[in-house]
Amino acid sequence: MELTYTEEEEDFRARLRAWLAKELPALSAKPSPDDWPARRAYDLGWQRRLYEAGYAGLHWPVDAGGQGATPTQHLIFLEETERAGAPYVGANFVGLLHAGPTIAAEGTAQQRARWLPPVLRGEEVWCQGFSEPGAGSDLASLRTRAVRDGDDYVVTGSKIWTSHAEVADWCELLVRTDPGAPKHRGISWLAMPMDAPGVTVRPLRTLAGSTEFAEVFLDEVRVPVANRVGAQDDGWRVTMVTLSFERGTAFVGEVVACRRTLGELARAAKVNGRWDDPVLRRRLGRLYGEFGALWRLTQWNVSEAQAAGGVPGIGGSVFKLAYSHARQELYEAAAQVLGAASLSLEEEWTLDRLSSLSYTIAAGTSQIQRNIVAERILGLPKGR
């Protein structure tokens, strides 16, 4: 594991900091959280700036339109943009962090040429159609079916927790193409156009009042066979590639943000007199240690990915499991520091606390992560 940075990497950091210092003051104000068309335009606009400056798809392979940067350089990029308060990927996150890297790793030359440049240029948005109402955390139990009819698949079923579906152009969609196969087989990975006839999107309102998720209903939607990434019935393997990216470096920026939030909490506690509570100080100190350890674990995972050619390994499940619980405790500590001020829905702290509750479910529940760690890392037998 290499935890230091080379001279070349530090030069990259300096150039990035200078660019951010120049670009961020010129950004317009962020749109209302409830105005998704405006948020899409804002996020795509930032992506276009990154593209023009040579920072789009930084860690993607050069032959996929990226910059071919090392995972360590990507880590520096995520760290510096978060520290500078730059916009996050927002509505672009599925295309940039999940679907795009999967297509880069598994897609044909034609598929790469069609789908990757619009993601990098900030022209198209993707959503993820994996979870289903009846499958819960058991993703392989999906029942959305795709029946081949000539050069098309005819898809019928429904998906849930589909992020940004209402403003997406494409959906990375898991379907069952062989209903008679064991549940981890007979699955295929399709790229579905969201404007296809038969696609209905119904936004879902979260506990925090936002509508970034949606239900998606599919009524005999025709998807070209040419839109299948990987072989038919090999979608579970392709999905594991997608999830390795989702649980790899996808939360790096949020770790940086949590460390900054922890510092803000300590300062707030000193101002409002709660710093005198030794139990609170001990709690904040332990969280400081946990997020420091998570940052080191991130560096470890990035070093491992760099040695393996850029695809994150299963260590991402260890990180995701620990991070989900640490983030929840961070915002519980925020409530302890801020008192009644943390209860107002007008306060960003409150919205962040409500959002933190989802992290032990989103991107794979903590129960699923524990199974992965137990079986694939520790070599324990599968539960019955």
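Here goes a summary of the coordinates provided. (Residues numbered from 1 in each chain as written. Predicted model: local features only at pLDDT ≥ 70, side-chain atom pairs only at ≥ 80, totals over all residues. Heavy atoms only, no water.)

## Some details on the overall build of the protein chain
Short version of the rule: Numbering of helices and strands runs from the N terminus, with a helix taken as a DSSP run of H or I at least four residues long and a strand as a DSSP run of E at least two residues long. Classification of residues uses two cut-offs on accessible area relative to the type maximum, computed with a 1.4 Å probe and protein chains only: under 20% is buried, over 50% is exposed, and between them is partly exposed. By definition, residues are in contact when any of their heavy atoms lie within 4.5 Å.
Each helix and strand counted, the protein chain has eleven helices and eight strands in total. Within the protein chain, buried positions represent 50% of all 384 residues. Across the protein chain, the fraction of contacts at a sequence separation of at least 24, relative to all contacts at a separation of at least 6, is 72%.

## With respect to helix α4 (residues 93-106)
Convention followed: The span you would expect from a helix comes to 1.5 Å times its residue count less one. Bend, at a single residue, is the angle you get between axes fitted to the 7 residues ending at that residue and the 7 residues starting at it.
Taking 1.5 Å as the rise per residue, α4 with 14 residues should run 20 Å; its terminal C-alpha atoms sit 19 Å apart, in good agreement. Of all the bends in α4, the greatest, near 40°, is centred on Ala99, and the proline Pro101 appears no more than four residues after it. Among the residues making up α4, those that are buried are Val94, Gly95, Leu96, Leu97, His98, Ala99, Gly100, Pro101, Thr102, Ile103 and Ala104.

## What about the pattern of salt bridges?
Any two side chains of opposite charge can pair, so long as their charged atoms come close to each other. The line we're drawing: Between Lys or Arg on one side and Asp or Glu on the other, a salt bridge is scored when a side-chain nitrogen of the former is within 4 Å of a carboxyl oxygen of the latter.
If you walk through the whole model with that rule in mind, you get 23 salt bridges. For Asp63, the salt bridge is made with Arg112, and the minimal N-O distance between the two is 3.0 Å. Within this pair, whereas Asp63 is found in the loop between α2 (36-53) and α3 (71-83), its partner Arg112 is found in helix α5 (residues 109-121), the two being separated by 49 residues in sequence. Here Asp63 falls in the exposed class, since its relative accessible area comes to 58%. Salt-bridge contacts for Arg237 lead to Glu106; the nearest nitrogen and oxygen are separated by 2.9 Å. In this pair, Arg237 is assigned in helix α6 (residues 235-246) and Glu106 in helix α4, connecting sequence segments 131 residues apart.

## Notes on the packing of aromatic side chains
Applicable threshold: Only Phe, Tyr and Trp rings take part, Trp by its six-membered ring, and two of them pair if their centres are within 6.5 Å. Stacked means planes under 30 degrees apart, edge-to-face means over 60, and tilted covers everything else.
As enumerated under the stated definition, the model contains eight aromatic pairs in all. Seen from their ring centres, Phe12 and Tyr55 are 6.2 Å apart, and the 65° between their planes marks the pair as edge-to-face. Of this pair, Phe12 sits in helix α1 (residues 7-23) while Tyr55 sits in the loop between α2 and α3; the two residues are 43 residues apart in sequence, bridging distant segments of the chain. Taking the relative accessible area as the measure of exposure, Phe12 reaches 6% and is therefore buried. Residue classification places Tyr55 among the buried positions, given a relative accessible area of 11%.

## Things to note about unusual backbone geometry
Located in the positive-phi region is His164, a residue other than glycine, with phi close to 60°. Here His164 lies in the loop between β3 (152-159) and β4 (170-176). With phi around 70°, Asp233 is a residue other than glycine that occupies positive phi space. Residue placement: Asp233 occurs in the loop between β8 (228-229) and α6. For Asp233, a relative accessible area of 29% gives the class partly exposed.

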